[in-house]
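The residues making up each chain are set out below.
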Amino acid sequence: MDNAAEFVKSWTKLTKDWNARMETELAPQLTAGQLEVLELLQAHEPMKPSDLLPHLETTPAAITTLLDRMERAGLVERNRDEGDRRIVWVTMTELGRSEVERGIAVRSAIVNESLDRISTHNRQLLVYLIGKVSGTREARTSERKTNADNEAAEPAGESAAAESVV
């Protein structure tokens, strides 16, 4: 099996297992999607429903439905802006604040259980490499090279560290 197929097989199994455990352990009060909204609110509260769109892979109608459920469950509140009644602000309730903390702890425990299967060094390397593959890890200043150099250059220690994974 080639690298891409092996990666997809492993990643699919890992995320499927994580998602199933998340849904089980967050229930009945919370879903993984609701946790994602609460985390966004924790970082950027208050937010308009439309502010959630760039962060969630869904439609405006789906966000409205999600917020309706979250409001009925007591996780969020929606309030009209006093200066412009067309604007609706979403904020967390106290229950939402406690549930986001619980949800983050549940997710951390699930992920750490998987990461505990490998050494600390390989954990750090895995996080680094997935960041590089996903494009979420920026190159360090010392790693920045000219375009010509970048094609042939690897970050310091990466090839030796990658060999130690195998």
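Not measured: the values here are computed from a predicted model. (Residues numbered from 1 in each chain as written. Predicted model: local features only at pLDDT ≥ 70, side-chain atom pairs only at ≥ 80, totals over all residues. Heavy atoms only, no water.)

Quick notes on the overall build of the chain
Note the following rule: Helix and strand assignments follow DSSP, with helices taken as H or I runs no shorter than four residues and strands as E runs no shorter than two, numbered in order from the N terminus. Exposure categories follow from relative accessible area, calculated using a 1.4 Å probe and restricted to protein chains: below 20% of the type maximum is buried, above 50% is exposed, and the middle band is partly exposed. Here the accessible surface of atoms and residues is derived via Shrake-Rupley with a 1.4 Å probe, and residues count as covered only by protein chains that are part of the display.
When you go through the chain residue by residue, the secondary structure sums to 8 helices and 2 strands. Going residue by residue from the N terminus, the α and β elements of the chain occur as α-α-α-α-β-β-α-α-α-α. Taking all 166 residues of the chain together, the buried fraction comes to 24%. Here the chain displays about 11300 Å² of accessible surface, and carbon together with sulfur accounts for 53% of that area.

Topic: the packing of helix α1 (residues 3-26) against helix α5 (residues 94-115)
For clarity, the cut-off: The axes used here are C-alpha line fits, helices contributing only the stretch in contact, and every angle between their N-to-C directions lies in the interval 0 to 180 degrees. For any pair of crossing helices, the crossing counts as left-handed if the nearer helix is rotated counterclockwise from the farther one by less than a right angle, and right-handed if it is rotated clockwise. Residue contacts are counted whenever heavy atoms from the two residues lie within 4.5 Å of one another. Only Asp, Glu, Lys and Arg are considered charged, only Ala, Val, Leu, Ile, Met, Phe, Trp, Tyr, Cys and Pro nonpolar, and every remaining residue, Gly among them, polar.
Where α1 meets α5, the axes come as close as 10 Å, and the angle between the chain directions of the two elements is 145°. Pair α1 / α5 crosses with right-handed handedness. Touching Leu14, Trp18, Arg21, Met22, Glu25 and Leu26 of α1 are Arg102, Gly103, Val106, Arg107, Ile110, Val111, Glu113 and Ser114, all from α5. For the contact of α1 with α5, a count of residues per class yields 7 nonpolar, 2 polar and 5 charged.

Let's talk about the environment of isoleucine 104
By the element assignment, isoleucine 104 lies in helix α5. Looking at isoleucine 104, the relative accessible area reads 23%, which means it is partly exposed. C-alpha separation for the pair isoleucine 104 and leucine 26, spaced 78 residues apart in sequence, amounts to 9.9 Å. In this view, isoleucine 104 contacts Leu35, Glu39 and Gln42; residues no more than four positions away in its chain are not counted.

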